[in-house]
Amino acid sequence: MIFLVLFFYYPAISGFFHSFTYWDARSTIWAGLANYQKLFSDRRLIASAVNLLKLTGFNVIVVVTMPLLAAVLVFHLPHKRVQYWLRVAFVFPMIVPMVVTILVWRWLYSIDGGVNLMLQAVGLESVTRAWLGDRHTVLGAIMFVGFPWVSGLNFLIYLAGLQGISPELLDAAVVDGANTVQRFFRVELPLISGQVRLLVMLTVIYWLRSFELPLIMTDGGPGWASMVPGLRMYQTVTRDFNLGYGSAIGFVLFTIVFLVTIIQMRLTRGSDGAL
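Numbers given for residues are sequential positions, taken from 1 along each chain in its written order. Thresholds applied to this predicted model are a pLDDT of at least 70 for local features of residues and 80 or more for the giving and counting of side-chain atom pairs; totals over whole chains, interfaces and linings are not thresholded and use all residues. Excluded from the side-chain calculations are hydrogens and water; all other atoms, namely the structure's heavy atoms, are used.

## Focus: the overall build of the protein chain
Applied cut-off: Only runs of H or I of at least four residues qualify as helices and only runs of E of at least two qualify as strands under DSSP, and these elements are numbered from the N terminus. Remark: exposure states derive from per-residue accessible area (1.4 Å probe, protein chains only) relative to the maximum for the residue type, with buried under 20%, exposed over 50%, and partly exposed in between. The contact criterion used throughout is that any non-hydrogen atoms of two residues lie within 4.5 Å.
Along the protein chain, the regular secondary structure elements total 15 helices and 2 strands. Dimensions of the protein chain, computed from C-alpha atoms along their principal axes, come out at roughly 75 × 60 × 35 Å. The buried share of the protein chain, reckoned over its 275 residues, is 38%. The long-range fraction of contacts in the protein chain, counting pairs at least 24 apart against all pairs at least 6 apart in sequence, stands at 63%.

## Notes on the nonpolar core
As a rule of thumb, nonpolar side chains are buried together in soluble globular proteins. Our working rule: What makes a nonpolar core is a set of buried Ala, Val, Leu, Ile, Met, Phe, Trp, Tyr and Cys residues whose side-chain atoms join them at distances within 4.5 Å.
Counting residues in each nonpolar core, the largest one holds 29 residues, and the members touching the most others are Leu55, Tyr109, Leu213 and Met217. Elements represented by at least two residues in this core include exactly helix H3 (43-63), helix H6 (98-108), helix H7 (114-121), helix H8 (138-144), helix H12 (193-209) and helix H13 (212-217). Discounting chain neighbours no more than four positions away, the residues touching Tyr109 are Val115, Arg129, Ala130, Trp131, Leu132, Ala141, Phe144, Val145 and Met217. Phe155, Ile157, Leu162 and Ile192 belong to the second-largest nonpolar core, a separate cluster that totals 21 residues.

## What to know about the side chain of Asn242
Relative to the elements of secondary structure, Asn242 occurs in the loop between helix H14 (229-238) and helix H15 (243-274). Since its relative accessible area comes to 13%, Asn242 is described here as buried. Not counting chain neighbours up to four residues away, the residues in contact with Asn242 comprise Tyr22, Trp23, Lys38 and Thr236.

## Points about H6
Put simply, the test is: This arc is built from the directions going out from the helix axis to the C-beta atoms.
Those residues of H6 not exposed but buried are Ile102, Trp105 and Leu108. The buried residues of H6 occupy an angular sector of 115° when projected down its axis, which confines them to one face. Along its buried surface, H6 packs onto H7, H8 and H13.

Shape is all these values report; function is a separate question.
And the structure:
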């Protein structure tokens with residue numbers, strides 16, 4: 001508890017207090033609501049919020065499709081040994097640090113990187129470009145990082161949910177004449193809805209607070225085309241040394257994440273009660 005207070009609660013409370021100040025390395029001056037008023041006129045922050053909505057929406061769609069599809073296909077394999085080795089294959093990439101993965105994708109998008117080399121190999125030289133240097137393609141390029149988007153953790157959560165379904169229910173659906181698609185949508189998907197809600201919530205929270213992917217890939221550029229609020233906060237603190245305004249951005253992000261979590265918990269509790 002002592003370490004928790006020193007390294008978590010105290011910095012959070014200090015950040016909230018200093019969000020009402022002009023705070024740099026030399027002095028702390030009370031500024032009232034000036035930092036929060038600045039949020040509404042900060043064009044870079046507004047643009048980053050729009051980018052965040054696009055990234056979050058896209059990744060929510062991804063998390064309820066690709067890893068779920070992979071888990072369903074592996075779950076229905078008749079051979080347990082093949083199922084085991086495929087499960088290992090999907091989880092194995094988790095040992096690679098995320099930073100390494102991002103750096104590989106940054107090379108792929110470079111002028112002489114893998115994407116342009118493949119396009120040149122099939123005669124599409126006219127399509128090649130600096131994917132991370134074009135404001136019209138940079139956000140889409142960031143969204144495409146990690147393709148085919150089958151995260152090992154998400155895959156395991158879905159697969160565990162499917163394996164927890166009683167075999168008698170699946171057999172009863174087959175006896176009733178349900179085909180594979182009908183069995184998935186009418187039996188399997190409703191019974192793993194808890195896992196779906198959990199991963200949607202975790203995905204939203206992750207993208208609301210994260211900034212490492214845009215930071216390493218583009219540093220928010222070109223211009224503000226790939227800026228997100230977390231990166232705006234980071235640059236405000238580390239480059240502008242405006243710790244008070246950075247604290248205000250951080251507290252707003254914390255409030256949004258907290259509200260999203262509370263709403264999700266209430267929705268989950270209501271759904272479980274109805275069942």
